[in-house]
Amino acid sequence: MGRFKRLCAVFCRTGGAKHLARSISCRYAILMKPADKDRIAASLAKLMAMMCVRNTGLESLHAGLVPVTRSGDYSDVFVLDADGRKIPWAEVSHFDDDQMRALMREIVNRLYTFHVSCDDPEFLAQTEKWMAVAGKWDEPELDRKFLGAIKYEP
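Everything numeric in this text was worked out from a predicted model, so none of it was measured.

(A) Region of the structure containing the overall build of the chain. For the chain, the count of helices and strands is seven helices and two strands. Listing the helices and strands of the chain from first to last along the sequence gives α-α-α-α-β-β-α-α-α. For the chain, the proportion of its 154 residues judged to be buried stands at 25%. Pairs at least 24 residues apart make up 55% of the contacts formed inside the chain by residues separated by at least 6 positions. For the chain, the exposed area adds up to about 11100 Å²; of that, 57% sits on carbon and sulfur atoms.

(B) Broad picture of the pattern of salt bridges. Within the structure shown, the criterion is met by six salt bridges. With a shortest N-O distance of 2.7 Å, lysine 46 and glutamate 139 are connected by a salt bridge. Placement of the pair is lysine 46 in helix H3 (residues 34-53) and glutamate 139 in the loop between helix H6 (121-134) and helix H7 (144-149), with a sequence separation of 93 residues. Exposure remark for lysine 46: the relative accessible area of 5% places this residue in the buried category. For the salt bridge of aspartate 98 with arginine 101, the shortest nitrogen-to-oxygen distance reads 2.8 Å.

(C) Broad picture of the packing of aromatic side chains. Taken as a whole, this structure holds two aromatic pairs when the rule is applied. With a centroid separation of 5.5 Å and 80° between ring planes, the pair formed by phenylalanine 114 and phenylalanine 123 is classed as edge-to-face. No difference in accessibility class separates phenylalanine 114 from phenylalanine 123, as the two residues are buried. Sitting over the ring of phenylalanine 78, lysine 86 keeps its end group 4.5 Å from the ring centre.

(D) Examining unusual backbone geometry more closely. Phi is positive for asparagine 55, close to 60°, though the residue is something other than glycine. Relative to the helices and strands, asparagine 55 is located in the loop between H3 and helix H4 (58-62). Residue class for asparagine 55 comes out partly exposed when judged on its relative accessible area of 42%. Phi angles above zero are rare outside glycine, and tyrosine 74 is one such case at about 70°. Relative accessible area serves as the criterion here: at 28%, tyrosine 74 is assigned to the partly exposed category.

(E) Focus on the layout of surface pockets. By volume, the second largest pocket amounts to about 220 Å³. For the second largest pocket, the full set of lining residues is Ser60, Leu61, His62, Ala63, Gly64, Leu65, Val66, Pro67, Tyr74, Trp89 and His94.

(F) Fine view of the nonpolar core. The biggest cluster of nonpolar side chains holds 10 residues, and these are Leu44, Leu47, Met48, Met50, Met51, Cys52, Phe114, Phe123, Met131 and Ala134. Counting residues per element, the ones that place at least two in this core are H3 and H6. When residues of this core are assigned to their parent elements, the largest contribution, six residues, is made by H3.

(G) Molecular detail of the packing of H3 against helix H5 (residues 97-116). Two elements in contact, H3 and H5, have axes whose closest approach is 9 Å; the angle formed by their N-to-C orientations is 125°. When the interaxial angle is binned, H3 and H5 end up oblique. Relative to H5, the crossing made by H3 is right-handed. Contacts between H3 and H5 involve Leu44, Leu47, Met48, Met51, Cys52 and Val53 from the former and Ile107, Arg110, Leu111, Phe114 and His115 from the latter.

(H) Quick look at H6. Here H6 contains 14 residues, and its C-alpha end-to-end distance of 20 Å stays within 8% of the 20 Å for a straight helix at 1.5 Å per residue. Turning to H6, its buried residues are Phe123, Leu124, Thr127, Met131 and Ala134. Relative to the axis of H6, the buried residues are bounded by an arc of 95° and lie together on one face. Set apart from the buried face of H6 by more than 90 degrees, the exposed residues are Pro121, Glu122 and Lys129.

About the cut-offs
- Residues numbered from 1 in each chain as written.
- Predicted model: local features only at pLDDT ≥ 70, side-chain atom pairs only at ≥ 80, totals over all residues.
- Heavy atoms only, no water.
- Helix = DSSP H or I, 4+ residues; strand = E, 2+ residues; numbered from the N terminus.
- Buried < 20%, exposed > 50% of the residue type's maximum accessible area, 1.4 Å probe, protein only.
- Contact = heavy atoms within 4.5 Å.
- Areas by Shrake-Rupley, 256 points an atom, 1.4 Å probe, with all protein chains shown as cover.
- Salt bridge = Lys/Arg side-chain N within 4 Å of Asp/Glu carboxyl O.
- Phe/Tyr/Trp six-rings, centres within 6.5 Å; stacked < 30°, edge-to-face > 60°.
- Lys NZ or Arg CZ within 6 Å of the ring centre and 35° of its normal.
- 1 Å grid on protein atoms, 1.4 Å probe; cavity = no way out; pocket = protein on both sides within 12 Å on 5 of 7 lines; lining within 4 Å.
- Points joined across faces, edges and corners; volume = space filled by probe spheres on them.
- Core = buried A, V, L, I, M, F, W, Y, C linked by side-chain atoms within 4.5 Å.
- Axes fitted to C-alpha atoms, helices over the stretch in contact; angles between N-to-C directions.
- Parallel < 35°, antiparallel > 145°, perpendicular 65-115°, else oblique.
- Left-handed = near helix turned anticlockwise from the far one by under 90°.
- Expected span 1.5 Å × (residues − 1).
- Arc of directions from axis to C-beta.

Next comes the structure, spelled out in structure tokens:
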């Protein structure tokens, strides 16, 4: 069984290896029922977000004190920088180019590792454990803005 077939087995609870061969990652989605395709895509998206994006440099960006806002939209929150500039919260860059570059490298490395490890039975066993957590997340929605940005429409 190929790497993506094995990975998709984690998500295809009803049909096992048959549906697995027709998973999104295997590019056989056209043979699947739309509900199966959507369910597998949602599960894979949540699992990859959990394993490849969560607990990265995002956590250090998320750490720290959250400013208090009475307006609810942070229009009443300002940052005072070392040059004495009072910058509205909505206009403040919350991390610099080096931090962004490091975060993107970390995420790309994790995504790459995820994909190349799909043939490893121990890795697949771990995905099952992580899916138990990620499976409790909200269901994803199709991001039409993203599709417009890359000029693709299904």
